[in-house]
Amino acid sequence: MSTTAEQMGNQHSVGVVEQKGMGEESLAPQKTRIMGQWSYLFAWLGGCVSIGTFTVGSGLVGTLNLLQTVIAIAIGCTVIGIALTINGAAGHKYGIPFMVQARSAFGFSGSRMPALVRSVPAIVWFGFQSWIGAGALNLVSATLFGFDNIVFFFIGFQFLQILLSIMGFHGIKWLENIGSVFIIGSLAYMFFSVIDKYGEQISTNLVNVEGTWGAPFWAATMLFLGVYSTMMLNVSDYSRELETRVSKFRQVVIYANSILPATLFMGLIGLMVSGATGEVDPIKVFSSAVDNKPLLIITLLFIAFAQVTTNVLNNVIPPAYALMDVFGLSFKKSAVAVGLLAFCTFPWELVKDESAAGLSLFIQTYSAFLGPIFAILVVDYYIVRKRTLDLEKFYDEKGPYSGINWAGFIAAFVGVVVALIFSSVSWYASLIPAGLTYYVLMNTLPSAARFKG
C-alpha cells in the first residue's frame, strides 16, 4: 500500500491505525489485526444469539416440522458462511471497512445509500433486542426484589450498552470471547429443558406432522439467512480485524461453526415452545420453560447478556461507521448516537404477539434491499476489479470514485424490484438480476467508465 493511501486514511481522519486503543476506531486501512481465528470464532458466536432467530422459529409453527426446520437452518447458515467469506475478502485482504469498500461500486457520495440501508435494520434490531434484555432484567428484579419497572431497566440497559460500545473492537473482542462460552452453555441447557418439559407436545405438534418441502420451506431458509443478511453486507467491518494468515476455508469453517449453533438452538427453542404453548414472547417462553427459581434467574440473565454481545458487535459498528463517514464524527460519538437512535424504534411494539408476522415481513423487506447491494459488491470486487484494489482511489474524495456511480444505483434498483416481486425469497431472487445488471452497466454506461479502474 502506498504512502499516499496511508496519509489519506479517510476524509475525516488521517493515518493508518497501528495500535488501536479502546474506542479508537477509524475508516483507514487496518494494518494491525487484533483477532486470531479463535477470537474471531468466539466473537461471532457471542454476536449471533439473536432474539430475531427465536421469533423466526416461532413463526414457523404450523408450517414446518422439526426436521424441516433443522434442515432449513442448516441451509441458511451454510449460505451465510459462504457469503460472509466471499464478501469479507476485500476487508480481510486490504483492511478496509464496508463504507470504504462500497465507494468503487456506488461512489463516494453514493456509498451513503447502502450504508443507510444497512444502518436502519441495525438500529431497529438494537432497540428490539435491548427491550428484550431489559424485560429479562426486569423479571429478575421483580422475582428477587419485587421491583417491577421495565422502562427503568430499558433506559439503564441501553446506556450500559452504549458505554460498552464506545470501547471499540478491543472491548468488543473481550466481551464476546468471555461471553460466548457462557452463552452456548446456557443455550444448550435451555434447549434440553424445553425438550424435557414439553416433549409430548413437541412430538405431537412438530415431529409427527407432515410440514412441507415446497416454497414455504425455502422461504424459511431465507428468513433464517435474512436475520444475518445485514452482517453479510458489512462483513468487511469485522474481517479487517482478522489476522491475514487465516485462510478462506478456515473463515467458512469459523462462520459456520459460530452461526449454526446459535441459530439452531434459538430457532428450535422458538419453534418448540411456541408450538407447545402458543406463546411467542421470548421472556414468557423462557420463564415458562424453567421451573427452578435460581435457574430461571440464570436463564434471564443469559437473555440480557446475549443481547449485549449481539448488539455491540452487529448493531452498533455498521451505523457508527456510517455516521463517521457522513458527519465526520469520532467512533465514540457515533456509537452514542446509534444508541440514542435505538430509543426511537418503539421496540415495545415489536414484541407483541401480533408482531411476529410483522418481524418476518420486516426481514423479507430489508433483505430485498440488502441482497442486491451484496451482489453488486461481490461482482465489483471479483469480476470488475479481479480482487485488486487501488486504495489511493478509495480514499481520494475528489478522485475517479467521487460522486455517484449510477451503475450501482440502477443495478440495486433492478435487484430490489425483482426481490419485492418474489418477496418470500427476496434475498435469493435479487442476486442474479442485480449482479448481472451491474456488470453490464459497468461495461456500457459512459458515466461508469471512470469507476472501472
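Residues numbered from 1 in each chain as written. Predicted model: local features only at pLDDT ≥ 70, side-chain atom pairs only at ≥ 80, totals over all residues. Heavy atoms only, no water.

1. Let's talk about the overall build of the protein chain
The test is simple: Strands are runs of DSSP state E lasting at least 2 residues, helices are runs of H or I lasting at least 4, and numbering of each runs from the N terminus. Using a 1.4 Å probe on the protein chains alone, a residue whose accessible area is under 20% of its type maximum counts as buried, one over 50% counts as exposed, and one in between counts as partly exposed. Only heavy atoms enter the contact rule, under which two residues are in contact if any of them lie within 4.5 Å. Computed by Shrake-Rupley with a 1.4 Å probe, the accessible areas treat only the displayed protein chains as cover when residues are assessed.
Within the protein chain, the secondary structure is distributed over 23 helices and zero strands. Going through the 453 residues of the protein chain one by one, you find that 58% of them count as buried. For the protein chain, contacts bridging at least 24 residues in sequence account for 84% of all contacts bridging at least 6. As displayed, the protein chain offers around 16,700 Å² of accessible surface, 67% of which is attributable to carbon and sulfur atoms.

2. Quick notes on the pattern of salt bridges
Keep this limit in mind: Whenever a carboxyl oxygen of Asp or Glu lies within 4 Å of a side-chain nitrogen of Lys or Arg, that contact is scored as a salt bridge.
Scanning the model with the defined rule gives four salt bridges in all. A salt bridge links arginine 112 to aspartate 325; the nearest nitrogen and oxygen atoms lie 3.5 Å apart. With arginine 112 in helix H8 (residues 112-145) and aspartate 325 in helix H17 (residues 317-327), this residue pair connects regions lying 213 residues apart in the sequence. What makes aspartate 325 buried here is its relative accessible area of 1%. A single salt-bridge network, built from bridges that share partners, covers Arg103, Arg112 and Asp325.

3. Quick word on the environment of phenylalanine 98
For phenylalanine 98, the position within the fold is in helix H6 (residues 98-101). On the basis of relative accessible area, phenylalanine 98 is assigned to the buried category, the value being 3%. In this view, phenylalanine 98 contacts Pro114, Ala115, Arg118, Leu233, Asn234, Ser236, Asp237 and Leu377; residues no more than four positions away in its chain are not counted.

4. With respect to H8
Note the cut-off: Take the residue count of a helix, subtract one, and multiply by 1.5 Å to get its expected span.
The end-to-end C-alpha distance of H8 is 47 Å, a good match for the 50 Å that 34 residues give at a rise of 1.5 Å each. Most of H8 sits out of view: 24 of its 34 residues are buried. Immediately downstream of H8, the backbone of glycine 146 shows phi near 75°, a positive value.

5. A closer look at the side chain of glutamine 251
Considering the arrangement of structural elements, one finds glutamine 251 in helix H14 (residues 248-277). We classify glutamine 251 as buried; its relative accessible area is 2%. For glutamine 251, the contacting residues outside a window of four places in its chain are Thr85, His92, Leu242 and Val246.

6. Topic: the packing of aromatic side chains
As a reminder, the rule being used: Stacked, edge-to-face and tilted are the three classes for Phe, Tyr and Trp ring pairs, Trp counted by its six-membered ring, which pair at centre distances within 6.5 Å; planes under 30 degrees apart are stacked, over 60 edge-to-face, the rest tilted.
Overall, the coordinates contain 22 aromatic pairs when judged by the stated rule. Pairing phenylalanine 106 with phenylalanine 409 gives two aromatic rings, centres 5.9 Å apart and planes at 75°, and the pair type is edge-to-face. With a gap of 303 residues between them, phenylalanine 106 in helix H7 (residues 103-106) and phenylalanine 409 in helix H22 (residues 406-421) connect regions that are remote in the sequence. A residue is classified by how much of its surface remains accessible, and phenylalanine 409, at 22% relative accessible area, is partly exposed. Measuring from centroid to centroid gives 5.3 Å for phenylalanine 152 and phenylalanine 153, while their planes differ by 85°, and the two rings are edge-to-face. You can call phenylalanine 153 buried: its relative accessible area is 16%. Grouping aromatic residues by their ring pairs yields a cluster made of Tyr40, Trp44, Tyr238 and Tyr255.

7. Things to note about the packing of H8 against H17
Pairs of packed helices are described in terms of their axes, by the angle between the two and the distance that separates them. How we decide: To obtain each axis, a line is fitted to C-alpha atoms, and for helices this fit is confined to the stretch in contact; angles are then taken between N-to-C directions over 0 to 180 degrees. Oblique is the label for any angle not covered by the other classes, which are roughly parallel (under 35 degrees), roughly antiparallel (over 145) and roughly perpendicular (65 to 115). We call a crossing left-handed when the near helix sits turned anticlockwise from the far one by less than a right angle, and right-handed when that turn is clockwise. Only Asp, Glu, Lys and Arg are considered charged, only Ala, Val, Leu, Ile, Met, Phe, Trp, Tyr, Cys and Pro nonpolar, and every remaining residue, Gly among them, polar.
Running from amino to carboxyl end, H8 crosses H17 at an angle of 140°, the nearest separation of the two axes being 8 Å. In terms of orientation, H8 and H17 fall into the oblique class. The handedness of the crossing between H8 and H17 is left-handed. Facing H8, whose interface residues are Arg112, Ala115, Arg118, Ser119, Ala122 and Ile123, H17 presents Pro318, Pro319, Ala322, Asp325 and Val326. For the contact of H8 with H17, the per-class residue count stands at seven nonpolar, one polar and three charged.

8. Focus on the environment of glycine 107
Within the fold, glycine 107 resides in the loop between H7 and H8. Note on glycine 107: relative accessible area 0%, which makes it buried. In this structure, glycine 107 is in contact with Ala102, Tyr401, Gly403, Ile404, Asn405 and Phe451, ignoring residues within four places of it in sequence.

9. Examining the nonpolar core
The criterion, for reference: Nonpolar core, defined: a set of buried Ala, Val, Leu, Ile, Met, Phe, Trp, Tyr and Cys residues in which side-chain atoms within 4.5 Å join the residues together.
Judged by nonpolar contacts, the single largest core of 127 residues is most densely connected at Tyr40, Trp44 and Tyr438. If we ignore the near neighbours within four places in the chain, the residues touching tryptophan 44 are Leu84, Met231, Val235, Tyr238, Tyr255, Ser258 and Ile259.

10. Section: helix H4 (residues 66-87)
Note the threshold: Counted as a polar contact is a pair of N or O atoms within 3.5 Å, where, for protein atoms, one must be capable of donating a hydrogen and the other of accepting one, and residues adjacent in sequence contribute only when both atoms are in side chains.
With 22 residues, H4 extends 32 Å from end C-alpha to end C-alpha; this agrees with the ideal 32 Å at 1.5 Å per step. Its side-chain oxygen placed 3.2 Å from the backbone nitrogen of leucine 67, asparagine 65 serves as the N-cap of H4.

11. Some points on unusual backbone geometry
Despite not being glycine, lysine 386 shows a phi value in the positive range, around 50°. Using a relative accessible area of 61% as the deciding quantity, one classes lysine 386 as exposed. Not every positive phi belongs to a glycine, and arginine 387 is a case in point at roughly 60°. Within the secondary structure, arginine 387 is located in the loop between helix H20 (356-384) and helix H21 (391-394).

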